[in-house]
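Report on the structure
Listed below are the residues making up each chain.
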Amino acid sequence: MIKIQANTYSLEEIRSHFPVLNRRVRDDKRLVYLDNAATTQKPNQVIDAITDYYQNHNSNIHRAVHALAEESTEAFEATRDKIAKFLNIQNREEIIFVRGTTEAINLVAYSWGRDNVQKGDIVVTTEYEHHSNIVPWQVLTQETGAELKYINIDDNGELMLEQLDEYLATGKVKLVAISHVSNVLGTITDIHNVIKKCKNVGVKVLVDGAQAVPHMKVDIDNLDCDFYAFSAHKMLGPTGVGILWARKDILENMKPFQGGGDMIREVHKYETTWNDLPYKFEAGTPNVADVICFAAAIDYLAKIGMDNVRNHEIELTKYALEKMSKVKGLTIYGPKDPQKASGVISFNFNDVHPHDVATIIDKNGVAIRSGHHCAQVLMEKLNVAATNRASFYIYTTKEEVDTLIDSLEQVAKVFKL
Amino acid sequence: MSGDPIYTEMIIEYSRNPSNYGKIEDAHIKRHDSNPLCGDSIDLYLNIDDKKISDVKFDGKGCAICMACSSVLTEMIKGKSLEDVKKFEKDELLSELGLEHLIKTSPVRIKCALLSLKALKFGIYSYFADKMNDIESAGNLKEEAANLY
Ligand SMILES: Cc1ncc(COP(=O)(O)O)c(C=O)c1O
């Protein structure tokens, strides 16, 4: 068993907090949940917070003066403060609640992009982006007549940043939209370097942190980017909550994304003045309950400590890569150095289609993801239709990694390899 | 493994050695289709002579179920009259490979099994409707294809 450092939870304690890990699936097999890059499981602390909210506090926020409304508003805003502390954000009003990473990026593409990107401009993204950090930029560049350029990846699954230099040298780049960590390869982007290069020439940077914030310490103040997006459900929190962080001066100059309640100061028949930040970008009743419960997830991760989370994943990934490299017929995509990647391993097994691999090992209770992982541009680059992806989190054990690898024998047997 | 088997000898064998795999140059009907979720992606080629399927091939990438079902489908329709092929039902294909249970047990994998049949129905529809301008013969193949899964 892996030791997690003092004054926090042991791995056994952590596992005991996640009821779903006791599930038996298929033929009474113990669940081995290795699809954490898609979404993580939730601890009792978060599940209980949701029940408590609906049993004792449920109310709309920012409007009424009654007791429940005040409690709910306070708790909702407390999550904002918690996020600010967790990610070292100086101004709480720079934190905007949205539905997820996808909505955060679309908000920027819509509200910032349409006023700041014009014909002849360039938007730069990378070959290892999730569709949510490609499609909004395709739509924007097609609409405006701007151009979309890609930073390619090399054989190790790392970005060829010299290409960024070339793009920046044209003087036409308006925005670089880039993931902090790849959801397929696990590659950790040299993000400080990217941001420095862009800052030097006054180019804005949007960071898709969906796979970073859950797995490592992120310090937004220190990063010095312009936009940062992530999702609560990938870090023990509920679905339906995402965060867009953006610099105050940029947000102040952006038009609202959606119109409605909460985002207004005064509405007259033919004109409206916008509310202050962050409410200007939070139209309508937000996901009150889930934002409030997200605080429990942050508390939980803070108690473990993000350095411990990261170390646990490095140790697991190292263990998995060592064992998997000995399995005949296994191709692993992405960095082979656990220091350079988060706990994500993408692989193919001989020429067996990933869907067949996933179906066969699912009979053993092992849940992995197979498919293109919303990253078809990357699949084209790797010249595969799909891959299998095993992704780890704080509750994953070495025994579970063993079960995954043993299950591959089952695949070999079925396909007579 | 227990439960209804998917990975039978026959399916593995077909996935390793698909039948009628390849292209027909200048085919009378060519139809591409894919399942976005799992990455199955095939092209189906058909030649029609004398109101019969005189030749049929498919190629592309797919899982074992998709490869096996595409193989069996092409075997079953080769040489058949268009009238018969139009009436071809999904149960005929699934039962040939013992996969009827997928309809109930796996809403995801049923798409792999029926991808080539969907391509066939759409392909024949457009052959009649677009190429021959014969909407009547095209019938409701388009609706059938769209509602296959
Ligand atoms: C890197 C990355 N970006 C964006 C997303 C989209 O997140 P969401 O579906 O929560 O909006 C994901 C989730 O799959 C992701 O892994």
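Along each chain, residues carry numbers from 1 onward, in the same order as the chain's sequence is written. Lettering of chains starts at A and numbering of ligands starts at 1, both following the order in which they are written. The predicted nature of this model means local features are confined to residues of pLDDT at least 70 and side-chain atom pairs, given and counted, to a pLDDT of 80 or more, with totals for whole chains, interfaces and linings taken over all residues. Side-chain measures were taken over the full set of non-hydrogen atoms in the model, leaving aside hydrogen atoms and water.

**Structural notes on the sheet that holds strand S16 (residues 369-371) of chain A**
Residues and elements named next belong to chain A. Condition: Here the rule is simple: two strands pair whenever DSSP picks up at least two bridges between them. Here a strand is any run of E in DSSP of at least two residues, a helix any run of H or I of at least four, and the numbering for each starts at the N terminus. Each axis is a line fitted through C-alpha atoms, and for a helix only the stretch in contact is used; angles between axes span 0 to 180 degrees, taken between their N-to-C directions. Between two residues, a contact is recorded if the distance between any of their heavy atoms is within 4.5 Å.
Pairing in this open sheet of 4 strands is antiparallel, and the strands run S13-S14-S17-S16 from one edge to the other. Of all the strands in the sheet, the pair left with one neighbour each is strand S13 (330-333) and S16. Across this sheet, the average inter-strand angle for adjacent strands is 30 degrees, counted without regard to direction. When S16 meets strand S17 (residues 387-391), the two strands line up antiparallel, connected through 3 bridges. Paired with Arg369 across the strands is Arg389, a residue of S17. Sitting on the sheet, helix H11 (residues 306-324) touches S13 and strand S14 (344-349), and the angle it makes with S14 is about 15 degrees.

**Some remarks on the environment of A:Lys149**
All names here are of chain A. Here is the rule we go by: Only protein chains enter the area calculation, which uses a 1.4 Å probe; residues under 20% of their type maximum are buried, those over 50% are exposed, and those in between are partly exposed.
Residue placement: Lys149 occurs in strand S6 (residues 147-151). Judged by relative accessible area, which is 26%, Lys149 ranks as partly exposed. Each C-alpha atom of the pair Lys149 and Glu166 lies 11 Å from the other, and the pair is 17 residues apart in sequence. Sequence-distant contacts of Lys149, defined by excluding residues within four places in its chain, comprise Ile122, Val123, Val124, Thr125 and Tyr167.

**Some remarks on the packing of aromatic side chains**
Within a pair of aromatic rings, the relevant descriptors are the distance that separates the centres and the angle that separates the planes. Heads up, the rule is: In summary, the pairing rule links any two rings of Phe, Tyr or Trp, Trp by its six-membered ring, whose centres are within 6.5 Å, and it sorts them by plane angle into stacked for under 30 degrees, edge-to-face for over 60 and tilted for everything else. Geometrically, a lysine NZ or arginine CZ counts as sitting over a ring once it is within 6 Å of the ring centre and also within 35 degrees of the ring normal.
Per the counting criterion, the structure on display carries 12 aromatic pairs over all chains. Considering the side-chain rings of A:Trp112 and A:Phe227, the 5.8 Å spacing of their centres and the 65 degrees angle between planes classify their relative orientation as edge-to-face. Taken together, the residues span a long stretch of sequence, with A:Trp112 in helix H4 (residues 101-116) and A:Phe227 in strand S9 (residues 227-231) at a distance of 115 residues. Among the residues examined, A:Trp112 registers a relative accessible area of 5% and is labelled buried. Residue A:Phe227 is classed as buried on the basis of its relative accessible area of 0%. Counting every residue linked through ring pairs, the aromatic cluster contains A:Tyr9, A:Phe18, A:Tyr300, A:Tyr393 and A:Tyr395. The ring of B:Phe128 carries B:Lys86 above its face, with NZ or CZ at 5.3 Å from the centroid.

**So, the pairing of S6(A)**
Residues in a regular strand point their side chains to alternate faces of the sheet. Residues and elements named next belong to chain A. Rules: Looking down the strands as they point away from you, a crossover is right-handed if its path from the first strand over the helix to the second goes clockwise.
Bridge analysis of strand S5 (residues 122-126) against S6 gives 5 bridges, and the strand direction is parallel. Note that in S6 the partner of Val123 across the bridge is Leu148. This β-α-β element, S5 to helix H5 (residues 135-144) to S6, shows right-handed connectivity.

**Brief notes about the site of the ligand**
All names here are of chain A. For clarity, the threshold we go by: Residues are labelled near a given molecule or strand when at least one of their non-hydrogen atoms is within 4 Å of it. Where accessible areas are quoted, they stem from the Shrake-Rupley method and a 1.4 Å probe; at the residue level, only the protein chains shown are allowed to cover. Any residue that is not Ala, Val, Leu, Ile, Met, Phe, Trp, Tyr, Cys, Pro, Asp, Glu, Lys or Arg is counted as polar, Gly included; the first ten are nonpolar and the last four charged.
The environment of the ligand is made up of Gly100, Thr101, Thr102, His130, Ser132, Asn183, Asp208, Ala210, Gln211, Ser231, His233 and Lys234. Coverage of the ligand by the protein chains reaches 85% of its 390 Å² of free accessible surface. Looking at the shell around the ligand residue by residue, the class counts come to 1 nonpolar, 9 polar and 2 charged.

**Concerning a negative patch on the surface**
Here is the rule we go by: Each patch is built from residues that are more than 30% exposed by relative accessible area and take part in no salt bridge. Like charges join if they lie within 9 Å; nonpolar side chains (Val, Leu, Ile, Met, Phe, Trp, Tyr) join within 5 Å. The term salt bridge refers to a side-chain nitrogen of Lys or Arg lying within 4 Å of a carboxyl oxygen of Asp or Glu. Neither His nor the chain ends contribute to the count of charged residues, in which Lys and Arg are positive and Asp and Glu negative. Positions of charges follow a simple convention, taking NZ of Lys, CZ of Arg, CG of Asp or CD of Glu.
A cluster of acidic side chains, namely B:Asp4, B:Glu89, B:Asp91, B:Glu92 and B:Glu100, defines a negative patch on the protein surface. Structurally, B:Asp4 can be placed in the segment before helix H1 (9-16).

**A word on the domain arrangement of chain A**
All names here are of chain A. Our working rule: Where each domain begins and ends follows an automated or database-derived domain assignment. Values labelled buried area give the accessible surface lost by two parts on being combined, using a 1.4 Å probe and summing over both.
On domain assignment, one finds that chain A holds domain 1 (11-30 + 305-414) and domain 2 (48-302). Taken over C-alpha atoms, the centre of domain 1 sits 28 Å from the centre of domain 2. Listed as interface residues are 34 residues of domain 1 and, on the opposing side, 31 residues of domain 2. Summed over both partners, the interface of domain 1 with domain 2 buries about 2600 Å², with 61% contributed by carbon and sulfur atoms. Contact with domain 2 buries area across many residues of domain 1, yet Met306, Leu378 and Tyr393 alone supply 23% of it, more than any other trio. Counting every contact that joins domain 1 to domain 2 gives 2 salt bridges. Across the pair Glu127 and Lys381 runs a salt bridge whose closest N-O atoms are separated by 3.4 Å.

**Things to note about the interface of chain B and chain A**
Rules: We define a polar contact as two N or O atoms separated by no more than 3.5 Å, with the added condition that, inside protein, one atom must be a possible hydrogen donor and the other a possible acceptor, whereas residues neighbouring each other in sequence contribute only through side-chain atom pairs.
Counting from both sides, the interface comprises 22 residues of chain B and, opposite them, 20 residues of chain A. Note on chain B versus chain A: buried area summed over both sides is about 1600 Å², and carbon and sulfur give 52% of it. At the junction of chain B with chain A, the criterion picks out 3 salt bridges. Measuring nitrogen to oxygen at the nearest pair gives 3.0 Å for the salt bridge that ties B:Arg109 to A:Asp356. The interface formed by chain B and chain A contains 7 residue pairs in polar contact (both at pLDDT 80 or more). The element that contributes the greatest number of residues to the side of chain B that touches chain A is H1(B), accounting for 4 residues. In the side of chain B that touches chain A, the residues fall into 12 nonpolar, 4 polar and 6 charged.

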